[in-house]
Every structure is written in C-alpha cells, then in structure tokens.
Amino acid sequence: MNDGWNATMADALQLTRDGRLMEATALLQQGLAGAGQPAPARAVPNRMLHGRRKAHPSGQSRVGGLLDRLQARLPAKLPAELPVGLPGNSPLIRPGLVGPGGSAAAAAAASAPGGEIRHLSHSDAAGSRRYDLYVPTGYTGEPVPLVVMLHGGSQDATDFAAGTRMNDLAEQHTFIVAYPEQSTAANNGRYWNWFRPNDQQRDGGEPAILAGITRQVMSDYGVDQARVYVAGFSAGGAMAAVMAATYPDVYAAAGIHSGLAPGVAHDVPSAFAAMRNGGTAGPTVDVPLIVFHGDRDNIVAPVNADRLIASRIAASPRFDRGAGLRVPATSTDGDNPGRNHRRTLYQDVDGTVVAEQWIVHGGSHAWFGGNPVGSYTDAQGPDASAEMLRFFLEHGTDHRALRMPGHATS
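Here goes a summary of the coordinates provided. (Residues numbered from 1 in each chain as written. Predicted model: local features only at pLDDT ≥ 70, side-chain atom pairs only at ≥ 80, totals over all residues. Heavy atoms only, no water.)

### Let's talk about the environment of aspartate 333
Take aspartate 333: it is sitting in strand S8 (residues 330-334). For aspartate 333, a relative accessible area of 55% corresponds to the exposed category. Once the C-alpha coordinates of aspartate 333 and threonine 344 are considered, the two residues, 11 residues apart in sequence, prove to be 8.9 Å apart. (Helix = DSSP H or I, 4+ residues; strand = E, 2+ residues; numbered from the N terminus. Buried < 20%, exposed > 50% of the residue type's maximum accessible area, 1.4 Å probe, protein only.)

Following this line, the structure appears as structure tokens:
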C-alpha cells in the first residue's frame with residue numbers, strides 16, 4: 001500500500017488515541033472511498049498538529065478493520081459533551097492538519113486586502129465571544145453594509161476570513177465584515193452549538209450572543225441597518241440558519257454553505273442523523289436565502305440544501321402551500337467558472353427571488369471558490385463569496401445597493 005494509505009492509517013490511529021472517534025471514522029471512510037486514486041497536489045501539507053506516528057505497513061485491510069471496529073464502538077462511546085457540530089473531514093483539507101506557518105499564512109491572506117482588522121470582544125447576559133472585524137480602507141463613517149460570517153468547526157476567525165476571501169470583496173465594494181469566534185470553553189472543537197435547544201432560540205444562548213455582536217457593530221460603526229446579512233459554513237452555516245430564523249428583524253438575508261436547516265436536531269444523536277438525512281422540519285427562515293452545497297458532500301448530506309429551501313418557502317406568505325409553488329422554480333446549469341453546478345431560483349407571485357440554491361457537481365464539504373490557504377476550501381469555484389454578496393445586495397431595503405456585474409451569469 002502506498003504512503004498515502006500509511007498517512008491515513010497513522011492519522012486515524014492518532015485521532016482514535018485522542019478519543020476523536022467520529023473524526024477517525026470519517027477519515028478512514030474518505031481513505032477507503034479514494035483508494036487507488038492519485039492524491040491531488042495540495043498547498044498545505046498533511047501533517048498532524050501533534051506529530052505523526054509510524055503507520056502499520058499492512059495497508060488497506062488494516063484500515064478497513066479499524067473502520068469496522070470504530071463504527072462498532074461509536075454508539076456506546078458517544079459522550080454527551082462531545083464537541084460535535086459538523087464533525088468529519090474534507091477530502092480537500094483535513095481538520096486539525098496544517099502546514100508549517102499555516103496560521104501565519106492565513107493571517108497574511110486575511111489582511112492582504114489592506115483594510116484594518118480589529119480584534120474585539122462582546123459580553124452580555126447570554127455570554128461573551130471574541131470577534132474580528134474587517135474595516136475596509138474606503139470606509140468613511142457613512143452607512144455601509146455589514147456581513148456577519150460564522151466559521152465552521154475547527155476553524156477560527158482568521159482561517160475563515162482567509163479561506164472565504166470575504167475581506168477582498170469588502171475592500172473592493174466597501175462593506176464591513178464581522179467574524180465571531182466560537183470559544184473552546186463553549187465547544188472544544190470550536191463548533192457552534194446549533195443542535196442544542198438552548199442555542200436555537202431568540203434572546204438566549206449563542207443566538208443572543210451573535211445578535212449582540214451584530215448590534216454592537218451596528219452601534220459602533222456606520223452600518224446601513226437595512227443591509228445587515230449573516231452567512232456561515234458547516235456548523236456555522238447551521239447556526240446562520242438559526243440566526244435567520246430567530247432574528248429576521250436584524251438580518252436582511254442569509255447565506256448557508258454546506259449547512260443544515262434550523263431546528264432539525266435537538267441533541268448529539270439527532271445532529272448526526274440530520275447530517276445524514278436532513279432531519280425533521282423545524283422553524284422556518286423568513287428572510288431571503290442563498291444556499292450552496294456540494295453533491296459529493298459526505299459530511300453533511302446534500303438533502304440538507306433542499307431542507308433549507310423548504311424552510312424558506314414554508315415561511316413565505318406569497319407561495320400557495322396547497323398547490324406548491326405558484327411560480328415554478330427555474331434552474332440553469334453552468335460550468336464556467338469552476339465546477340459544473342446547478343443554480344435554481346425560487347420566486348414569489350410577483351417574481352421576486354426569495355431563495356437561490358447552488359448545487360455544485362463533484363463538490364465536497366468545502367467553501368467553493370475559496371483560498372486554499374484556509375481550511376475546507378475548494379478553489380475551483382464557483383465563487384460562493386461573490387455570489388452570496390451579490391444575492392445579499394439584491395435584498396436590502398435600499399435597492400440602490402452595490403451591484404457586482406459578471407456574477408450569476410450561468
């Protein structure tokens with residue numbers, strides 16, 4: 001068996017020794033699925049933070065045996081305090097694996113656009129969190145849009161800013177970006193606790209903290225209150241959906257990348273079930289919604305993208321729920337730029353687009369069009385950040401909002 005298998009085996013064994021059984025299982029599943037395929041060249045070397053132990057040379061049969069044992073142990077070994085959100089790994093960048101200087105490279109990429117990154121914190125009755133704020137050089141104090149970006153599990157504000165390239169767009173189009181950061185005290189793996197009932201409600205838990213950060217930025221800076229948006233990836237995408245459902249008076253639109261609909265889980269077991277099958281219907285999302293998901297995502301199943309759209313449609317009074325959509329959804333296929341994808345628009349009776357779904361063919365659990373210096377990114381595109389921004393700016397109260405020609409042409 002080749003060195004790639006040895007590396008997979010070593011990483012899985014180390015994760016198992018660390019008690020991270022779900023991540024070890026997902027890593028082995030990925031390795032078995034990709035057996036015999038050449039490993040793609042990566043900008044970030046695959047090296048464990050805690051070092052790599054020597055792998056057993058016996059190859060794939062040993063990997064399969066370890067996978068069977070891990071899966072057999074999972075039901076009895078899943079602790080209530082497991083730092084779960086959207087655990088697992090991306091076929092592109094593995095969680096917990098960075099190259100030498102990875103953090104420095106992410107920081108350099110996040111600050112490269114030239115604006116100011118401010119490291120701030122917010123505290124209120126619900127709790128406290130740190131957050132980074134990107135203020136573009138073109139900001140003069142006059143009201144500008146605000147985009148709140150929620151990172152995925154094992155990520156932090158700097159990593160997410162670098163990977164999504166949202167600061168580059170903020171510099172080009174003059175808007176402020178806030179990056180709340182989950183604390184390890186709240187979740188060891190830095191996952192937003194989207195699956196806990198106390199963190200799915202207004203005026204309590206993490207939604208209250210995140211809304212507090214948003215309002216603090218709106219108070220401290222010149223922000224157009226009609227153009228405040230929330231977006232997130234993976235666990236952050238699931239939490240962004242919760243924010244859209246619980247604070248529709250704060251956010252004008254939401255962008256969910258590889259996430260889940262609000263309220264589809266209420267504990268750890270139901271969270272894993274929802275990741276596989278979409279879960280059961282929960283609260284509706286009563287703001288315009290744009291959804292990105294890869295159809296080869298083996299961490300959060302693509303059915304969750306449909307659940308999100310259904311949640312948005314169910315909230316709109318301008319759809320005929322008895323007969324389905326009054327205005328049929330329109331889909332287009334595109335292959336330029338990036339991966340082939342299918343973009344579907346959902347319109348109300350007046351022809352206003354209230355939801356937009358992008359299914360990226362061959363895409364896995366990664367932010368499309370991202371910078372490979374960040375984790376969980378797929379540089380091939382389409383450009384999720386640019387398309388989300390375009391969608392956001394089409395859904396503020398002020399339709400003199402910034403426009404981004406050249407996007408969503410397919």
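### Comments concerning the side chain of aspartate 159
Of note, aspartate 159 is situated in helix H5 (residues 157-164). The charged side chain of aspartate 159 is buried without a salt bridge, its nearest counter-charge being arginine 190 at 8.9 Å. Side-chain polar atoms of aspartate 159 contact the side chain of serine 375, separated by 2.5 Å. Excluding residues within four positions of it along the chain, aspartate 159 makes contact with Ala106, Gly374 and Ser375. (Lys, Arg positive; Asp, Glu negative; His and termini not counted. Salt bridge = Lys/Arg side-chain N within 4 Å of Asp/Glu carboxyl O. Polar contact = N/O pair within 3.5 Å; in protein donor to acceptor, adjacent residues only side chain to side chain. Contact = heavy atoms within 4.5 Å.)

### Regarding empty space enclosed by the protein
Under the counting rule described, the total for this entry stands at two cavities of 30 Å³ or more. Space inside the second largest cavity adds up to approximately 30 Å³. Taken together, Gln155, Asp159, Phe160, Gly163, Thr164, Trp367, Ser375, Tyr376 and Thr377 make up the lining of the second largest cavity. Across the lining of the second largest cavity, the residue classes break down as three nonpolar, five polar and one charged. (1 Å grid on protein atoms, 1.4 Å probe; cavity = no way out; pocket = protein on both sides within 12 Å on 5 of 7 lines; lining within 4 Å. Points joined across faces, edges and corners; volume = space filled by probe spheres on them. Nonpolar A, V, L, I, M, F, W, Y, C, P; charged D, E, K, R; others polar.)

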